[in-house]
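The primary structure of each chain is shown beneath.
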Amino acid sequence: MEPLLSIRNLSIEYLLDRGSFEAVKSVSLNIARGEILGLAGESGCGKSTIAYAVARLSKSPAWIVDGQIVLEGSDLLKLTERQMQKVRWRRIGMVFQSAMNSLNPLMRIEGQFHDVLHQHLNTSREQSRDIAQKMLRLVGIAPQRLSDYPHQFSGGMRQRVVIAICLALNPDLIIMDEPTTALDVVVQREILEQIAELQKARGFSVLFITHDLHLMAQICHRMAVMFKGEVVESGDVYQMLNNPQHAYTKALWAAIPQLPKMRQERESILVTPIADRVEAKAAVPLPTVQLRNVTKRFEAFQALRGVSFELNAGRALALVGESGSGKSTVANIISRTFSQTTGDVMLNGKDLPSSLKARDEKAYRKSVQMIFQDPFASLNPAFTVRHHIMRALKLHGHGKDRADRNRRILEILEWVGLEGELTAPKYPHQLSGGQRQRVNIARALAVEPEVLLADEPTSMLDVSIRLDILELLSRVKQERRLAMLYITHDIATAYHVAEDIVVMFAGQAVEWGDALGVLSDPRHPYTKLMLSAVPDPASRFRVDNSAKFLKEAGRIRAVSRPYSEEIVQVGQNHFIRKVAESE
Amino acid sequence: MSFLLHQKKAVLGIAILLVLFVLAAFAPIIAPYSPEQRVARSHQPPTIEHIMGTTKMGRDVFSQFVWGARSSLSVGVAAGVAITILGTVIGLIGGYIGGWVDRSLDLLTNAVLVIPNLPLLILLAAFAGTVGPSVIIVIITLTSWPWGARMTRSQTLAIKNREFVIAARMVGESKFRAALVEILPNLLPLIGINLIGSIIFAIVTQTTLEYLGFGDPLHVTWGTMLYNAQNSSAILVGAWWDVAAPCAGIALVGLGLALINFTLDEIANPQLRSGPALSRWVRLTRERAKALEAKR
Amino acid sequence: MQAFLRRTSTYCVALAIAIVVNFVLPRLMPGNPVDSMIAQMGQRATPEVVAALRARFGLIDQPIWVQFGGYLKGLATFDLGLSTSYYPRTVVEVLARPLIWTSFLITTTILFSFAAGTLLGALSAWRRGGKTDSILSPLAFVVNSVPPVVFALTTLFVFGVLYRLAPVSYAYDPNLDPGLNGTFLLSVAGHVVLPVLSLAPYLIASFQSTMRSSMISILNEDYVTLGRAKGLSSAAVMFSYGVRNAMLPMLTHLALMLGSIFGGSIVVEVVFNYPGLGMTLFTATLAHDYPVIQGQLMLMTLITLGTNLLVDIIYGLVDPRLKGATS
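The shown structure was predicted, so the numbers you read here are calculated from the model rather than taken from an experiment. (Residues numbered from 1 in each chain as written. Chains lettered and ligands numbered in written order. Predicted model: local features only at pLDDT ≥ 70, side-chain atom pairs only at ≥ 80, totals over all residues. Heavy atoms only, no water.)

Undergrad: Just to check I follow, could you spell out the environment of Leu37 of chain A for this structure?
TA: Residue and element names in this part refer to chain A. If you trace the backbone, Leu37 turns up in strand β3 (residues 36-40). You can call Leu37 buried: its relative accessible area is 1%. Residues Leu37 and His214, spaced 177 residues apart in sequence, show a C-alpha to C-alpha distance of 14 Å. The residues touching Leu37, leaving out its near neighbours within four places in the chain, are Leu29, Asn30, Ile31, Val206, Leu207, Phe208, Cys220, Arg222, Met223 and Ala224. (Helix = DSSP H or I, 4+ residues; strand = E, 2+ residues; numbered from the N terminus. Buried < 20%, exposed > 50% of the residue type's maximum accessible area, 1.4 Å probe, protein only. Contact = heavy atoms within 4.5 Å.)

Rendered as structure tokens:
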């Protein structure tokens, strides 16, 4: 059968001030009618560049050098701009990554439907409104909201609106460029289920671009994996999942953190042996950091509503939650970026004052160090790696003299898995993301702290290196006996680093205890919801589930939101906050 | 700085300024006559002896131009430097310290910013009587720092919240050192823009004030040259050279500084830049569109 | 709402600064302005006038705060004092008519240059890297660095003296009787051409540069790409997705520019002998008519503050994101 879209030998270059760079190297792909084709790969592999090229929306510096993009027999690259305008949206719709930014902020939703409907179908305002209402209903949004502006919708809702605008013209193909990457895992699940369902009902094709292979396995029929501008493998999703051929595909699969399923499997994934955990707990009676009933209020917004936990030497605690749950507020309170509104924060049993004096601050920094989310932004571009670590040593009086400090710098770089002599003189821009994050860790370790706060340390890194960094963090905690706080939105990774876990929602801890226990036997409805939304290649989306999931997710959020005093112990080291309505 | 030298526009700008500064620096040697002495008939058009003609008073315009460059440039540069220092310090302090210090400095900055500058200057100058170069420098500085302070403040706020600054603080760097070592170097392109913008502004303002008659008419500057030309109705009687010389001087300084500033602006805001790669892309895209259109 | 309050307090501080400067300066002056004013007035300086002037400029046996109170009371009732050079007219009377001419000149110039600058800026951002952009954008920087006086004198010489395209002096033909008839209005329109042309380049350049940066950052937004992906025509994407959003910062810029527009108009009015506030200011300084100079600053400050306030209100109405925040 003739494919709907056939990309043939497509080559795209990035024009540079001097010369050019081959971003896409002679890529060929076919998408059949009614098919969802997944295009996977890491940042910079060229997958988005292809997506933009298909709609002929390539921006500078991307320049299509060669190839064909054939939509049902006609080569899109041979159309004039005017002809192409008729193809766009009418036949090829698009959904972009940044949900927050993909709607015109000054236009009502209705207007954003009308301009495109009027352009292609020459509809009147009333006709456009009728169609728009139908489409909004289709994606589960009340039709009255047509007269709202984009800022009145949440990120997930905005993405739904874009999908609704897409469907209004019933296109043959919808290009989705990481449509849920910026969204929380539950919202992601809600939207993707809906896409799967609508696709089945209406029969359009999808070019689905993502870096998340598990997600891809859940929604796509076929998939292609890209590496440095080339498609290295493509085929049926199941076949590629069960029997990947190319080494890169295998590596990508292996790099994804898995949730524990069976007990044996769990043990094998664990980086820290169980025996160590017990011993660690027994050896340290006094918690290094202790939070007692901490709350935080920002003007009208209650960010934290009573959070308590402790960090112990040689152990890590994972703080898991969606954006806005308050998990970063906790990190900022412990790092003293700001202080809590009420409650106690203690370091080695001593209360911390609400604001630190300059001298106390330095002493505190010596005890508590932090690793940031963005490895590209957290090193000063003007200084070398050596300088960064040297400052950490000097400030806290480590090392006798310059030579001694230099020796330590090399030592510590080697320890975090970098080649010391080679890396020390380099500037941050000469390093990869993973290397920079290792330098960040090395800098924090150079201070020789007791506590390490890691705020989403892998979320900006490519999938293939995330596990390596997590493993390094595990080693840090274990060998250096640090008390570690690991903050993440990705509940699946929690298990790879942490012995303890706290699941947060709406400024309160809803479930906490032993990571093993919580993840394998979640008791709080919100934890269950979150775990069920984690992409799982073994369970494809069912096409009749979306409305049910959406409703259930909404219900669970509603019952989990109110602050509840009542805590229930459900296991030896496993607690939940009681919800008003029992399961 | 080395980047500037790779940009054609900036090199041209630097060259223009260099010529003017050389003229100004060596005015006593270069100027053929004294700027304040009658050396020929009144309103004589440009000739070999008087390459820019003469004024109504029979003074040599070229000599005045050269001496005028000396005082106009020195006042412009001095006031520009003063404005930049004041603006940078106020913006950096407010942006970095935050809290009530920032709130009050920001309030002051915005308040001075909305008071019309030239009428305020005129009022100050009117009460000060005849103002020499140093008074002009002082009053221009006192009224013109807010633009720079505003820019510096918002940039400081942006850099302050960059992760590498927070990270440096977390490692244990003091507030002061973080401001000096982590933030200030990142403000350099902006300070450059501010400096050049302030010099332009100072020269513009000085010229305007002097043209309106607030300067010391005995002190030869481009502004007083314009004032004297205006008073002798030079334009209406057709003695265009009398006006054209100082105008050209001011315009050339503006041109030179603007070309440098344009380049600095592209360094500070790379997203505004349209380098060779972009030009090539635009050209190729246009050519392809034309070819497709033709085939149809 | 909070942002609005903060803006308003900024304007109050600005007003306070202008008031204090006006009050304090004459009292700080080394010489004696009253004597020079009285000397200028000659015979017209009756004892009452002299007493009023002395009171206004602090040469009076009263505590300073009583003087300040009286000064504030005067301001509140729009009493800016007496003009010495136009005696017996008050400052308010002296400034009323010029205010109309200056408003006319400035409004015309702003309308013209805002439209032109915005359009040029939008175009050069839209065609970034193209020929238009590579010429227009550096040009705007250069034009922005040349003072209005240079443009005014050049315009005067080239269009007024060399080619005699338009009248070079005053706001209308003095042989005509002012009235709402065609000949008079035509004369007014003809007389404003050269002043507008002199003032406009500087403003166009400034609006153009600002619009270009604003538009470039908007064009990088995903919603503009979405507009293109929707298959809308280039013009539709450029205007209803690009320009529409990029215009918001332009409003703020316009309000901030008003002060320097006044500055520019002073020079241009002097060059073209245009009977506006600038010309009045110029003659007042020649006559050492300090009350008029002071009144001028108060008036221009008030107008600038009023415009800024107006822009804040418009901003709140135009941007739905702010509307949501206040309600």
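Undergrad: When you look at the interface of chain C and chain B in this model, what are you seeing that I'm missing?
TA: Often, the extent of an interface is quoted as the loss of accessible area upon association of its parts. Counting from both sides, the interface comprises 54 residues of chain C and, opposite them, 51 residues of chain B. When chain C packs against chain B, close to 4,700 Å² is buried across both sides, 81% of that on carbon and sulfur atoms. Per-residue buried area on chain C facing chain B is highest for Arg128, Phe141 and Leu256 of chain C; these three make up 13% of the total on that side. Counting across the chain C and chain B interface gives 0 salt bridges. Taken together, the links from chain C to chain B amount to 1 residue pair in polar contact (both at pLDDT 80 or more). Mapped by element, the contributors of at least two residues to the side of chain C that touches chain B are α1 (2-28), α6 (131-144), α7 (148-162), α8 (182-219), α10 (234-271), α11 (277-286) and α12 (290-318) of chain C. Among the elements that take part in the side of chain C that touches chain B, α1 of chain C stands out by supplying 12 residues, more than any other. (Buried area = accessible area lost by both parts, 1.4 Å probe. Salt bridge = Lys/Arg side-chain N within 4 Å of Asp/Glu carboxyl O. Polar contact = N/O pair within 3.5 Å; in protein donor to acceptor, adjacent residues only side chain to side chain.)

Undergrad: Would you mind going over the nonpolar core with me for this structure?
TA: As a rule of thumb, nonpolar side chains are buried together in soluble globular proteins. By size, the foremost hydrophobic cluster in this structure holds 146 residues, and its most contacted members are Tyr211 of chain B together with Leu153 and Met215 of chain C. Take this core: its biggest share by element is 17 residues, from α10 of chain C. If we skip the residues at most four places from it in the chain, Leu153 of chain C touches Tyr211, Leu226, Gln230, Ile235, Val243 and Cys247 of chain B together with Val271 of chain C. Of all hydrophobic cores here, the second largest spans 95 residues; its members include Met84, Phe208, Val237 and Phe541 of chain A. (Core = buried A, V, L, I, M, F, W, Y, C linked by side-chain atoms within 4.5 Å.)

Undergrad: Honestly, the pairing of strand β9 (residues 222-227) of chain A in this entry has me stumped. Any pointers?
TA: Residue and element names in this part refer to chain A. As paired strands, β3 and β9 are joined by 4 bridges and run parallel to one another. Across the sheet, Leu39 pairs through a bridge with Ala224, a residue of β9. Pairing analysis gives 6 bridges linking β9 to strand β10 (residues 230-236), with the strands arranged antiparallel. Paired with Phe227 across the bridge in β10 is Glu230. Counted between consecutive antiparallel strands, the loop separating β9 from β10 contains 2 residues, among which Lys228 sits at a positive phi close to 50°. (Pairing = 2+ DSSP bridges.)

Undergrad: What exactly am I supposed to notice about the confidence of the model for chain C here?
TA: Reading fine detail from the predicted coordinates is not recommended where pLDDT is low. Residues and elements named next belong to chain C. Averaged over all residues, the pLDDT of chain C is 86; the fraction at 70 or higher stands at 95%. Helix α9 (residues 222-229) holds the highest mean pLDDT among the elements of chain C, 95, whereas helix α13 (residues 320-326) holds the lowest, 65. Scoring the predicted complex yields pTM 0.88 and, for the interface, ipTM 0.88. (pLDDT = per-residue confidence, 0-100.)

Undergrad: I tried to follow the packing of helix α11 (residues 240-268) of chain B against α6 of chain C on my own but got confused; where do I start?
TA: Relative placement of two packed helices is described by the angle separating their axes and the distance separating the axes. Put simply, α11 of chain B and α6 of chain C touch, their axes get as near as 8 Å, and they point 130° apart. Between α11 of chain B and α6 of chain C, the interaxial angle falls into the category oblique. In this structure, α11 of chain B crosses over α6 of chain C, and the sense of that crossing is right-handed. Listed contacts from α6 of chain C to Leu255, Ala258, Leu259, Asn261, Phe262 and Asp265 of chain B of α11 of chain B are Ser137, Pro138, Phe141 and Val142 of chain C. Looking at the contact of α11 of chain B with α6 of chain C residue by residue, the class counts come to 7 nonpolar, 2 polar and 1 charged. (Axes fitted to C-alpha atoms, helices over the stretch in contact; angles between N-to-C directions. Parallel < 35°, antiparallel > 145°, perpendicular 65-115°, else oblique. Left-handed = near helix turned anticlockwise from the far one by under 90°. Nonpolar A, V, L, I, M, F, W, Y, C, P; charged D, E, K, R; others polar.)

Undergrad: How should the packing of helix α5 (residues 117-128) of chain B against α1 of chain C be read in this particular structure?
TA: Between α5 of chain B and α1 of chain C, the shortest axis-to-axis distance is 10 Å and the interhelical angle comes to 15°. The orientation of α5 of chain B relative to α1 of chain C falls into the category roughly parallel. The crossing of α5 of chain B and α1 of chain C is right-handed. Listed contacts from α1 of chain C to Leu120, Leu123, Leu124 and Phe127 of chain B of α5 of chain B are Val21, Asn22, Leu25 and Pro26 of chain C.

Undergrad: Could you clarify how one ought to interpret the sheet that holds strand β16 (residues 368-371) of chain A in this entry?
TA: Hydrogen bonds between backbone groups are what pair the strands of a sheet, and the pairing can be parallel or antiparallel. All names here are of chain A. Across the sheet, which stays open at both edges, the 8 strands sit in the order β16-β17-β18-β13-β19-β20-β22-β21 with mixed pairing between neighbours. What marks the edges here is a single partner per strand, and that holds for β16 and β21 (567-571). Taking each pair of neighbouring strands and ignoring which way they run, the sheet shows an average axis angle of 20°. In this structure, strand β13 (residues 316-320) lies alongside strand β18 (residues 483-488), joined through 5 bridges in parallel fashion.

Undergrad: Please explain a positive patch on the surface as it appears in this structure.
TA: Residues Arg286 and Lys290 of chain B together with Arg127 and Lys131 of chain C make up a contiguous surface patch of positive charge. Along the polypeptide, Lys131 of chain C turns up in helix α6. (Patch = residues over 30% accessible without salt bridge, like charges linked within 9 Å, V, L, I, M, F, W, Y side chains within 5 Å. Areas by Shrake-Rupley, 256 points an atom, 1.4 Å probe, with all protein chains shown as cover. Lys, Arg positive; Asp, Glu negative; His and termini not counted. Charge placed at Lys NZ, Arg CZ, Asp CG, Glu CD.)

Undergrad: Just checking my understanding: could you explain the pattern of salt bridges for this structure?
TA: In total, this model carries 37 salt bridges over all chains according to the counting rule given. With its nearest N and O atoms 3.0 Å apart, the salt bridge here joins Arg555 of chain A to Glu552 of chain A. Of this pair, Arg555 of chain A and Glu552 of chain A are both found in helix α22 (residues 546-560), 3 residues apart, which corresponds to roughly one turn of the helix. Residue classification places Arg555 of chain A among the partly exposed residues on the basis of a relative accessible area of 29%. For Arg153 of chain B, the salt bridge goes to Asp102 of chain B, with nearest N and O atoms at 2.7 Å. Placement of Arg153 of chain B in helix α7 (residues 146-160) and of Asp102 of chain B in helix α4 (residues 99-114) is noted, with a sequence separation of 51 residues between them. Arg153 of chain B gets classed as partly exposed once you look at its relative accessible area, which sits at 21%. Through salt bridges with shared partners, a single ionic network connects Asp404, Arg407, Arg408, Glu411 and Glu448 of chain A.

Undergrad: I would appreciate a short explanation of unusual backbone geometry in the present structure.
TA: Excluding glycine, residues mostly carry a negative phi; peptide bonds, for their part, are mostly trans. Residue and element names in this part refer to chain A. The omega torsion across Ser60 and Pro61 is 5°, close enough to zero to call that bond cis. Its place among the elements puts Pro61 in the loop between α1 (47-54) and β4 (62-71). With a phi angle near 50°, Asn293 is a residue other than glycine that sits in the positive phi range. Examined against the element boundaries, Asn293 turns out to sit in strand β11 (residues 289-298). Using a relative accessible area of 46% as the deciding quantity, one classes Asn293 as partly exposed.

Undergrad: Teacher, can you tell me more about the packing of aromatic side chains here?
TA: In this structure the tally under the stated criterion is 19 aromatic pairs over all chains. Pairing Trp240 of chain B with Trp241 of chain B gives two aromatic rings, centres 5.7 Å apart and planes at 75°, and the pair type is edge-to-face. Given a relative accessible area of 41%, Trp240 of chain B falls into the partly exposed group. Pairing Trp101 of chain C with Tyr274 of chain C gives two aromatic rings, centres 6.1 Å apart and planes at 85°, and the pair type is edge-to-face. Within this pair, whereas Trp101 of chain C is found in helix α5 (residues 91-126), its partner Tyr274 of chain C is found in the loop between α10 and α11, the two being separated by 173 residues in sequence. Assessed through its relative accessible area of 1%, Tyr274 of chain C is described here as buried. (Phe/Tyr/Trp six-rings, centres within 6.5 Å; stacked < 30°, edge-to-face > 60°.)

Undergrad: Help me understand a nonpolar patch on the surface in this model?
TA: Residues and elements named next belong to chain C. Among the surface-exposed residues, Phe112, Phe159, Leu162, Tyr163, Leu165, Val193 and Leu197 lie close enough to one another that they form a single nonpolar patch of about 680 Å² accessible area. Secondary structure elements with two or more residues in the nonpolar patch: α7 and α8. Mapping Leu165 onto the fold places it in the loop between α7 and α8. Residue Leu165 is classed as exposed on the basis of its relative accessible area, which comes to 61%.

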